[in-house]
2 protein chains.
Amino acid sequence: MHANAKQKVIPLIPPGLKLACSQCNLRELCLPLGLSEGDMGRLDNLIGGGRKLKRGHHLYRAGDPFESIFAVKTGFFKTDVLTEDGRDQVTGFQMAGEILGMDGISTELHTCNAVALEDSEVCLIPFADLEALSSEIRSLQHHLHKVLSREIVRDHGVMMLLGTMRAEERLAAFLLNLSQRFGARGYSPADFNLRMTREEIGSYLGLKLETVSRTFSHFQDEGLISVQQKHIRIMNIPRLKSLLAPADGRIR
Amino acid sequence: MHANAKQKVIPLIPPGLKLACSQCNLRELCLPLGLSEGDMGRLDNLIGGGRKLKRGHHLYRAGDPFESIFAVKTGFFKTDVLTEDGRDQVTGFQMAGEILGMDGISTELHTCNAVALEDSEVCLIPFADLEALSSEIRSLQHHLHKVLSREIVRDHGVMMLLGTMRAEERLAAFLLNLSQRFGARGYSPADFNLRMTREEIGSYLGLKLETVSRTFSHFQDEGLISVQQKHIRIMNIPRLKSLLAPADGRIR
DNA sequence: GTACCCCTTTGATCTGTGTCAACCCAACCA
DNA sequence: TGGTTGGGTTGACACAGATCAAAGGGGTAC
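One structure accompanies this document, and this report is about it. (Residues numbered from 1 in each chain as written. Chains lettered and ligands numbered in written order. Predicted model: local features only at pLDDT ≥ 70, side-chain atom pairs only at ≥ 80, totals over all residues. Heavy atoms only, no water.)

1. Overview of the sheet that holds strand S7 (residues 113–116) of chain A
Pairing between the strands of a sheet is mediated by backbone hydrogen bonds and can be parallel or antiparallel.
Part 1 of the reasoning: Reading across from one edge, S2-S7-S4-S5 (chain A) is the order of the 4 strands in this open sheet, with antiparallel pairing throughout. The sheet terminates laterally at strand S2 (58–60) and strand S5 (88–95) of chain A, the two strands that pair on one side only. In this sheet, adjacent strand axes meet at a mean angle of 30 degrees when their direction is disregarded.
Part 2 of the reasoning: Two elements, strand S4 (residues 76–82) of chain A and S5 of chain A, share 7 bridges in a ladder whose sense is antiparallel. The residue of S5 of chain A that forms the bridge with Phe77 of chain A is Gln94 of chain A.
Part 3 of the reasoning: Packed on one face of the sheet, helix H4 (residues 167–184) of chain A meets S4 and S5 of chain A and runs near 25 degrees to S5 of chain A.
Part 4 of the reasoning: Most of the contacts of helix H3 (residues 138–164) of chain B go to S5 of chain A, to which it runs at about 120 degrees, and overall it touches S4 and S5 of chain A. (Pairing = 2+ DSSP bridges. Helix = DSSP H or I, 4+ residues; strand = E, 2+ residues; numbered from the N terminus. Axes fitted to C-alpha atoms, helices over the stretch in contact; angles between N-to-C directions. Contact = heavy atoms within 4.5 Å.)

2. What about the protein's contact with DNA strand C?
Part 1 of the reasoning: As a matter of local geometry, DNA strand C sits amid 18 residues, with Arg198, Ser213, Ser217 and Lys230 of chain A together with Thr211 of chain B nearest to it.
Part 2 of the reasoning: For DNA strand C, the fraction of protein-proximal atoms (within 4 Å) that sit in sugar or phosphate groups is 64%.
Part 3 of the reasoning: Within the backbone of Lys208 of chain B, an N or O atom sits 3.2 Å from a phosphate oxygen of DNA strand C.
Part 4 of the reasoning: The contact in question runs from a base nitrogen of DNA strand C to an N or O atom on the side chain of Glu210 of chain B, over 3.3 Å.
Part 5 of the reasoning: Sort the elements by how many residues they give to the surface near DNA strand C and helix H6 (residues 209–221) of chain A lands first, with 5 residues.
Part 6 of the reasoning: Considered class by class, the residues forming the surface near DNA strand C number 3 nonpolar, 6 polar and 9 charged. (Near = heavy atom within 4 Å. Polar contact = N/O pair within 3.5 Å; in protein donor to acceptor, adjacent residues only side chain to side chain. Nonpolar A, V, L, I, M, F, W, Y, C, P; charged D, E, K, R; others polar.)

3. Some points on the relation of the copies chain A and chain B
Part 1 of the reasoning: Mapping chain A onto chain B calls for a screw motion: a turn of 180 degrees about the axis and a shift of 0.0 Å along it, with 0.0 Å RMSD after fitting. This pairing of chains is accounted for by a two-fold axis. Judged by C-alpha distance, Ser135 of chain A is the residue of chain A that lies nearest the rotation axis, at 2.1 Å.
Part 2 of the reasoning: Mapped onto chain B, 100% of the interface residues of chain A again fall at the interface, so both copies present the same surface. (Least-squares fit on C-alpha atoms with pLDDT ≥ 70 in both.)

4. Thoughts on the interface of chain A and chain B
Part 1 of the reasoning: In this assembly, 51 residues from chain A lie in contact with 51 residues from chain B.
Part 2 of the reasoning: Summed over both partners, the interface of chain A with chain B buries about 4,500 Å², with 59% contributed by carbon and sulfur atoms.
Part 3 of the reasoning: Taken together, the connections running from chain A to chain B amount to 4 salt bridges.
Part 4 of the reasoning: Here Glu169 of chain A makes a salt bridge to Arg87 of chain B, at a shortest N to O gap of 3.3 Å.
Part 5 of the reasoning: In this assembly, chain A and chain B are joined by 26 residue pairs in polar contact (both at pLDDT 80 or more). (Buried area = accessible area lost by both parts, 1.4 Å probe. Salt bridge = Lys/Arg side-chain N within 4 Å of Asp/Glu carboxyl O.)

5. Overview of the sheet that holds strand S6 (residues 99–100) of chain B
All names here are of chain B.
Part 1 of the reasoning: Taken in spatial order, the 4 strands line up as S1-S8-S3-S6 in an open sheet, and their pairing is antiparallel. Strand pairing shows two members of the sheet lacking a second neighbour, strand S1 (50–53) and S6, which therefore form its edges.
Part 2 of the reasoning: Note that strand S3 (residues 68–74) and strand S8 (residues 120–126) share 6 bridges and pair antiparallel. Bridge pairing in S8 places Thr74 opposite Glu121.
Part 3 of the reasoning: Helix H2 (residues 127–134) rests against S3 and S8 of the sheet, and its axis sits at about 60 degrees to S8.

6. A few points about the pairing of strand S3 (residues 68–74) of chain A
A regular strand places its side chains so that they alternate between the two faces of the sheet.
All names here are of chain A.
Part 1 of the reasoning: Counting buried positions over the 7 residues of S3 gives 6, a clear majority of the element.
Part 2 of the reasoning: Note: S3 against strand S6 (residues 99–100), 2 bridges, orientation antiparallel. Across the sheet, Ala71 pairs through a bridge with Ile99, a residue of S6. (Buried < 20%, exposed > 50% of the residue type's maximum accessible area, 1.4 Å probe, protein only.)

7. Some thoughts on the protein's contact with DNA strand D
Part 1 of the reasoning: Not every one of the 20 residues close to DNA strand D is listed here, only the nearest: Ala167 and Thr211 of chain A together with Arg214, Ser217 and Lys230 of chain B.
Part 2 of the reasoning: Within the side chain of Ser213 of chain B, one N or O atom sits 2.8 Å away from a phosphate oxygen of DNA strand D.
Part 3 of the reasoning: Lys230 of chain B places a polar side-chain atom, nitrogen or oxygen, 2.7 Å from a phosphate oxygen of DNA strand D.
Part 4 of the reasoning: Contributing elements (two or more residues each) for the surface near DNA strand D: H6 of chain A together with helix H6 (209–221) of chain B.

8. Describing the nonpolar core
Part 1 of the reasoning: Grouped together as the largest cluster of nonpolar side chains are 68 residues, with contacts concentrated most on Phe174 and Phe216 of chain A together with Phe174 and Phe216 of chain B.
Part 2 of the reasoning: Residues contacting Phe216 of chain B, with those up to four places away along its chain left out, are Leu171, Leu175, Leu194, Arg198, Ile201, Ile225, Val227 and Ile232 of chain B. (Core = buried A, V, L, I, M, F, W, Y, C linked by side-chain atoms within 4.5 Å.)

9. Points about the pattern of salt bridges
Residues and elements named next belong to chain A.
Part 1 of the reasoning: Scanning the entire structure with this criterion turns up 30 salt bridges over all chains.
Part 2 of the reasoning: Residues Arg42 and Glu136 are paired through a salt bridge, measuring 2.3 Å at the closest nitrogen-oxygen approach. Residue Arg42 is located in helix H1 (residues 37–46), and its partner Glu136 is located in helix H2 (residues 127–136); the two are separated by 94 residues in the primary sequence.
Part 3 of the reasoning: Glu136 gets classed as exposed once you look at its relative accessible area, which sits at 52%.
Part 4 of the reasoning: The salt bridge partner of Arg233 is Asp191, with a shortest N-O separation of 3.0 Å.

10. What about helix H5 (residues 198–205) of chain B?
Residues and elements named next belong to chain B.
Part 1 of the reasoning: For H5, a buried count of 6 out of 8 residues is recorded, marking the element as mostly surrounded by other parts of the structure.
Part 2 of the reasoning: Taken as a whole, H5 has its buried residues at Glu200, Ile201, Gly202, Ser203, Tyr204 and Leu205.
Part 3 of the reasoning: In this structure, the buried residues of H5 make contact with strand S4 (76–82), strand S5 (88–95), H3, helix H4 (167–184) and H6.
Part 4 of the reasoning: A positive phi of about 70 degrees marks Gly206, the residue just after H5.

11. Considerations on the packing of aromatic side chains
Describing an aromatic ring pair means giving the distance of the ring centres and the angle of the ring planes.
Residue and element names in this part refer to chain A.
Part 1 of the reasoning: For the structure shown, the criterion picks out 16 aromatic pairs over all chains.
Part 2 of the reasoning: The interplanar angle of 35 degrees and the centroid separation of 6.4 Å between the aromatic rings of Phe76 and Phe93 together place this pair among those described as tilted. With Phe76 in strand S4 and Phe93 in strand S5, the pair connects residues that are 17 residues apart, well separated along the chain. Take Phe76 and Phe93: they sit in the same class, and that class is buried.
Part 3 of the reasoning: When the centroid spacing of 4.9 Å and the interplanar angle of 35 degrees are considered together, the rings of Phe182 and Phe192 count as tilted. Of the two residues, Phe182 is situated in helix H4 and Phe192 in strand S9 (residues 191–193); the sequence distance between them amounts to 10 residues.
Part 4 of the reasoning: Residue classification places Phe192 among the buried positions, given a relative accessible area of 0%. (Phe/Tyr/Trp six-rings, centres within 6.5 Å; stacked < 30°, edge-to-face > 60°.)

In structure tokens form, the structure reads like this:
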């Protein structure tokens, strides 16, 4: 049975009750990583409670004034940028413990849209307060910088993917990345439900939805995965990985 | 001979001579932006002098321990990531006033290579010191965050380019971006020399060098630019811009 | 419970860009 | 000064992925 097959995220937190970082089981993945007990308490104090979003609703939109960053508590998001001329690029998918909204720091305006792909909950972290606290807590400051830097490194990975990989390689990399992130959160790394459509995957990977669909089918024919709509089961992780390490000749 | 075949980093700066941020004509583009006189003096103190690099030499390499970020004082750099399996992706080109090395914060190791594409000089900014000072100077802290965030936003732009644009559009966007950055530095926005090869442009834009070359020729035939080897003159900026705003039908 | 709509799959065809190859040019070095 | 070499241009051809089209299925909303 797939671990996270039908996860309806039911907001379990009674109104007024706020789950503190110090109690949160994501603290090893999230912002408080590496903080002492006491410091974590101070972080708890500035985090402005949770915010729940129904599937399809925007956490923020491009152009909104930037005030906070967000930590995903439960659920699943996508971020995308769209330009005047109608281009639309999905820039990432975020799951529990990941931070959203850091693009807004530079201009004081959000530069992309963040949409919940399932019912979700986030922690709201007022950025001015976070800066204030991080100037007092050096380990928090340093960790914040790491989180920002990690986002840059992640983006470089996406550039590599978009700049150098073929459709099969992109999809394999995408599945393996999801697999690894689900695994890190205690879910099955081999059996999960996609939260996004083929079109959203395609936008993220620089492919058309038909190509995404065909490539999934092709992987299935090869016995690498099994796909039924949004449900993915990875049958052969090593072989999927081997798709990313082309034989020596095949350097594009 | 490969430019970067035999790179040795030779620190060439005459000992004792150091251009302070407060004197630097890049201060409005660079890290000290928005600092008071006094605070800028404190920043001067931590900046570890300059470092000169000959063309083709590495400022740092993937895997090097991360200690500093760098501000380009003069010259021109590229950054690239390469993977075990031989993929090579140029992730950016940096010119005066731009910051290099922020990818290294996350893992304490540099994750990409930075190579001087012409004889260049950088300021060395020890990151631990910068963190220490920025926890005392709020405006510096905030500006550092903006610089990190701006890099994220820039990367999103590259993703958009790689994910949604055709070759012509990519090249047009590339030229216009260079143009704008040269302009911001007081150089001609319409007349400049490329510092990188067609292959490096191609790697950055996710194209083969032949496609880059052909597209340049095509732009020239259309009267949009004139190209002679590395020298570019943009003849018609508005029409070049119009290539980026496809007619309504042409939404990919 | 049912109807509708969006998502997905699959096929046929087209095309932009990659690939392979040959040649040219300019810069650099001996 | 002439030879060498890396970078650039251009052509012919191939192919991965886009486009256009049609049909089926599952989830959602009512």
